[in-house]
Amino acid sequence: MPDVRAVIGSLLERRKDPVVVQTVRATVAATLAYAVAVRLSSEPAPLTAPLTALLVVQVTLYSTLTTGIRRVNSVVVGVLIAIGFSSVVGLSWWSLGLIILASLTIGQFVRVDEFVNEVAISAMLVLGVTRLASQAWDRVLETLIGAGVGLMFNFLFAPPVWLDTAAESIEDLARRTRHLLLSIAEELGTAVPVARAAVRLHEARQLDQAIAEVDAALRQAEDSLRLNPRITEGLLSRLVLRTGLDTLEICVVVVRVLARSLTDLAKRREQDEPLFPAEVALALEELLTHIGAALVSFAVLVTTPVSSSADEAETRLAAELAAAWNSREKAAQMLLRRVQEHPHAWQLHGSLLAEVDRILDELDLEHRSRRLMEELDRASRAQHERFTRLGRLRRFARGEQLGRRS
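Residues numbered from 1 in each chain as written. Predicted model: local features only at pLDDT ≥ 70, side-chain atom pairs only at ≥ 80, totals over all residues. Heavy atoms only, no water.

Observations regarding helix α11 (residues 278–303)
An α-helical segment advances 3.6 residues per turn. Residues three or four places apart therefore align on the same side. Here α11 contains 26 residues, and its C-alpha end-to-end distance of 38 Å stays within 8% of the 38 Å for a straight helix at 1.5 Å per residue. Within α11, 20 of the 26 residues are buried, which leaves it mostly tucked inside the rest of the structure. (Helix = DSSP H or I, 4+ residues; strand = E, 2+ residues; numbered from the N terminus. Expected span 1.5 Å × (residues − 1). Buried < 20%, exposed > 50% of the residue type's maximum accessible area, 1.4 Å probe, protein only.)

In structure tokens form, the structure reads like this:
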């Protein structure tokens, strides 16, 4: 019994995991699609319906709808190609190769994206049966059943909104960056071997790779907001998270450049010589500590709903940025005196301050607000243009109808 309870508890903990949710939803939808197809299709085993439902039912409603349209489109195009070929040639090795070539070529022009191969598969399966017309339209029917069941399943059992998952990914990226900055800060007053500095540079490059994973989680969250009746401010939520990730991405790139500068500085030092004197190292450590805290505060700000919690996050971010600027000025004065005494490394010291300035500028609240307003204006203009084009098409259609009536 303890093992059973542990398994149940583990499943409950993972009930919001995208992999678990997708597995359960796809299984149920595919089973329902097969049950419906058995009653409506003349085929003894209408497996195209559950296969379509399996491919159509995605984690978000938006991706389910778009995938369903592409899937149906690919099957219909494949069936039409097979019917056209069957009226001219039969099934042989050369006709099979020709129909595959034609299907893959046409599939590139009908906007089915990942279902290009499905065009050729549908054409081959239909061409190879004896009851061509019946089999062809049964396949189309099963595809429509699978797509319809998948869409209805997501409409009736709305998929979750993945904002929390994306928010956790963004905050995790900020915390990993802060941890790297703290590790770098602790070594500034010591004799850092080039190999250890290179390790920090490698960790910074790994953060670059982590951005792709965060971007994937954010794209899933953005899709879950589209066409979702439970979300009233989907556009604002998407832009807040997207612009926040863009800012963190810039900061991560700058941190990598900073790690590169410190690696170059370590190459210039003697074996037992610290990167910086104790006083300068302490000032820089304080500066990097405030920058790391500001990164985390920024991530919390962009992932927190508009409420008192967001106000608290903004207050913390403003305090950390102010402390960072003060530390930056103090460190800059110390580095200036250091350069005057030992001018051989002034380029690296200057680049270090420039990289710090870039991060602080990107995290600035005014810069953040201005960037968000620009994105909102751009999105509003794009929506206005789309609605304007739709209005013109409607007026054009009404004009055609009036012309026919007259």
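Focus: a nonpolar patch on the surface
Nonpolar side chains collect at one region of the surface, where Trp93, Trp94, Leu98 and Leu101 lie side by side and expose about 530 Å² of accessible area between them. Within the element layout of this structure, leucine 98 appears in helix α5 (residues 93–107). (Patch = residues over 30% accessible without salt bridge, like charges linked within 9 Å, V, L, I, M, F, W, Y side chains within 5 Å. Areas by Shrake-Rupley, 256 points an atom, 1.4 Å probe, with all protein chains shown as cover. Salt bridge = Lys/Arg side-chain N within 4 Å of Asp/Glu carboxyl O.)

Examining the environment of leucine 295
With respect to the helices and strands, leucine 295 occurs in helix α11. As a C-alpha pair, leucine 295 and alanine 174 span 121 residues in sequence and 5.7 Å in three-dimensional space. When sequence neighbours within four positions are dropped, the list of residues in contact with leucine 295 reads Ala174, Thr177, Leu181, Leu248, Cys251 and Leu363. (Contact = heavy atoms within 4.5 Å.)

Quick word on the packing of helix α8 (residues 163–186) against α11
Where α8 contacts α11, the axes come no closer than 9 Å and their chain directions differ by 180°. Viewed along their axes, α8 and α11 adopt a mutual orientation that is roughly antiparallel. Contacts between α8 and α11 involve Ala167, Ile170, Glu171, Ala174, Arg175, Thr177, Arg178, Leu181, Leu182, Ile184, Ala185 and Glu186 on the former and, on the latter, Glu285, Leu288, Thr289, Ile291, Gly292, Ala293, Leu295, Val296, Ala299, Val300, Val302 and Thr303. Here the contact of α8 with α11 is composed, by residue class, of 15 nonpolar, 4 polar and 5 charged. (Axes fitted to C-alpha atoms, helices over the stretch in contact; angles between N-to-C directions. Parallel < 35°, antiparallel > 145°, perpendicular 65-115°, else oblique. Nonpolar A, V, L, I, M, F, W, Y, C, P; charged D, E, K, R; others polar.)

Description of empty space enclosed by the protein
In the structure shown here, the tally under the stated rule is 3 cavities of 30 Å³ or more. Put simply, the largest cavity is a space of about 80 Å³. For the lining of the largest cavity, the secondary-structure elements that each account for two or more residues are α9 (194–225) and α10 (234–268). Looking at which element gives the most residues to the lining of the largest cavity, the answer is α10, with 3 residues. Its residues assigned to classes, the lining of the largest cavity shows 7 nonpolar, 1 polar and 2 charged. Of the volumes computed, that of the second largest cavity is approximately 50 Å³. Leu188, Leu258, Leu262, Phe276, Leu284, Leu287, Leu288, Leu352 and Val356 together form the lining of the second largest cavity. (1 Å grid on protein atoms, 1.4 Å probe; cavity = no way out; pocket = protein on both sides within 12 Å on 5 of 7 lines; lining within 4 Å. Points joined across faces, edges and corners; volume = space filled by probe spheres on them.)

A look at the confidence of the model for the chain
Of the residues in the chain, 75% reach a pLDDT of 70 or more, and the chain-wide mean stands at 77. α11 holds the highest mean pLDDT among the elements of the chain, 90, whereas helix α1 (residues 2–13) holds the lowest, 52. Residue range residues 401–406 is modelled with pLDDT below 50. Its contacts to residues more than four positions away, or to other chains, number 0 contacts. (pLDDT = per-residue confidence, 0-100.)

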